[in-house]
Amino acid sequence: MSHQENERLRELRKKKSKLSNAYGNCVSQRCAEITREIKVLEDLSKQRDKAFDTAYKNCRAGLSCDNFYYLHVTQRNEWNREGVELFKKQFNPKLSYEQQSQEFRQNWNEYPDYKNAFHNFSADGTKILQNPDGAYPHTKYVHKGGQFEVIVDKKTGKIVTTPSNAGTFNYYADSLGHIDYDVDPWADFGSGNGDNTSYNIRHSGSGKFFGEFKLWDNKEDSIKKFKKVDKVR
């Protein structure tokens, strides 16, 4: 779901918890209304997951990649835009994370360096860059909700926008959902928008554990069809 929808769902669950008895059951009309609102959002999430699963499966099978491209690339771009604008308002590129304003640190988490490898590809997308001291040149910031994502060049403090390294919207913040709907699709097809990384480089290192292509799938043909859609979008 979108950031706003997930925020609303978290808010409703907190309200329901306060209005429920010790057994988790509603004891008021308002609590019952909130329960119905929660179900609407949970059902919406399930419907969208099913649509994503179908589109992802069809693209992997070498069928149409149009729906998958929209859900994996276009919609992520649209939904992450709000986060990037918020980040710009709150981030001071001249300061370290510890020196940032309280507002910034309350809203954003800086990821540890070892988790930043796959946002540090070279300009030609053929290798992962590291500084002489072994650190990566780019760092990742993720909003407290776990969905908005921004990548920053440590040296310049500027937001990284190159397709192979830029931050992308996460449909899920929890580990299992994040792998299924964010990491696996990226490992198989990249980020779109002209991302020039190859399947093999995305599956290097820890990347080898991700992706949904099976041994019998013609992944080269499927990736070619995805890139064909990418070129015309």
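As shown above, the structure is provided for reference.
Definitions and limits used
Residues numbered from 1 in each chain as written. Predicted model: local features only at pLDDT ≥ 70, side-chain atom pairs only at ≥ 80, totals over all residues. Heavy atoms only, no water. Pairing = 2+ DSSP bridges. Helix = DSSP H or I, 4+ residues; strand = E, 2+ residues; numbered from the N terminus. Axes fitted to C-alpha atoms, helices over the stretch in contact; angles between N-to-C directions. Contact = heavy atoms within 4.5 Å. Phe/Tyr/Trp six-rings, centres within 6.5 Å; stacked < 30°, edge-to-face > 60°. Buried < 20%, exposed > 50% of the residue type's maximum accessible area, 1.4 Å probe, protein only. Lys NZ or Arg CZ within 6 Å of the ring centre and 35° of its normal. Parallel < 35°, antiparallel > 145°, perpendicular 65-115°, else oblique. Left-handed = near helix turned anticlockwise from the far one by under 90°. Nonpolar A, V, L, I, M, F, W, Y, C, P; charged D, E, K, R; others polar. Salt bridge = Lys/Arg side-chain N within 4 Å of Asp/Glu carboxyl O.

Draft legend 1. Examining the sheet that holds strand 3 (residues 149–153) more closely. The strand order across the open sheet built from three strands is 1-2-3, with neighbouring strands paired in antiparallel fashion. Each edge of the open sheet carries a strand with a single partner, namely strand 1 (108–110) and strand 3. Each adjacent strand pair in this sheet contributes to an overall mean axis angle of 30°, direction not counted. The pairing of strand 2 (residues 138–143) with strand 3 spans five bridges and is antiparallel. Along strand 3, the bridge assignment pairs lysine 140 with isoleucine 151. Along the sheet, helix 3 (residues 66–90) contacts strand 1, strand 2 and strand 3; its crossing angle with strand 3, the most-contacted strand, is approximately 50°.

Draft legend 2. Representation of unusual backbone geometry in the model. Phi angles above zero are rare outside glycine, and asparagine 193 is one such case at about 60°. If you trace the backbone, asparagine 193 turns up in the loop between helix 5 (175–189) and helix 6 (199–202).

Draft legend 3. Inspection of the packing of aromatic side chains at higher detail. In total, this model carries 29 aromatic pairs according to the counting rule given. Ring geometry for tryptophan 79 and tyrosine 171: centres 5.9 Å apart, planes at 85°, overall edge-to-face. Remark: tyrosine 171 occurs in the loop between strand 3 and helix 5 and tryptophan 79 occurs in helix 3; sequence separation between them is 92 residues. Taken individually, tryptophan 79 and tyrosine 171 each receive the classification buried, so the pair is uniform in this respect. When the ring centre of tyrosine 56 is taken as reference, the NZ or CZ atom of arginine 60 above it lies at 4.3 Å. Cation over ring: lysine 115 sits above tyrosine 111, and NZ or CZ is 5.4 Å from the ring centre.

Draft legend 4. Structural detail: the packing of helix 2 (residues 29–60) against helix 5. For the pair helix 2 and helix 5, the least separation of the axes is 12 Å and the interaxial angle reads 15°. Taken together, the axis directions place helix 2 and helix 5 in an arrangement best described as roughly parallel. As helix 2 runs across helix 5, the sense of the crossing is left-handed. For the pair helix 2 and helix 5, contact is made by Asp49, Phe52, Asp53, Tyr56, Cys59 and Arg60 and by Asp180, Tyr181, Asp184, Pro185, Asp188 and Phe189, respectively. Its residues assigned to classes, the contact of helix 2 with helix 5 shows six nonpolar, no polar and six charged.

Draft legend 5. Summary view of the pattern of salt bridges. For the coordinates displayed, the defined rule picks out 16 salt bridges. Among the ionic pairs, arginine 13 bridges to glutamate 42, the shortest N-O distance being 2.8 Å. Within this pair, whereas arginine 13 is found in helix 1 (residues 3–19), its partner glutamate 42 is found in helix 2, the two being separated by 29 residues in sequence. In this structure glutamate 42 comes out as partly exposed when scored by relative accessible area, which is 31%.

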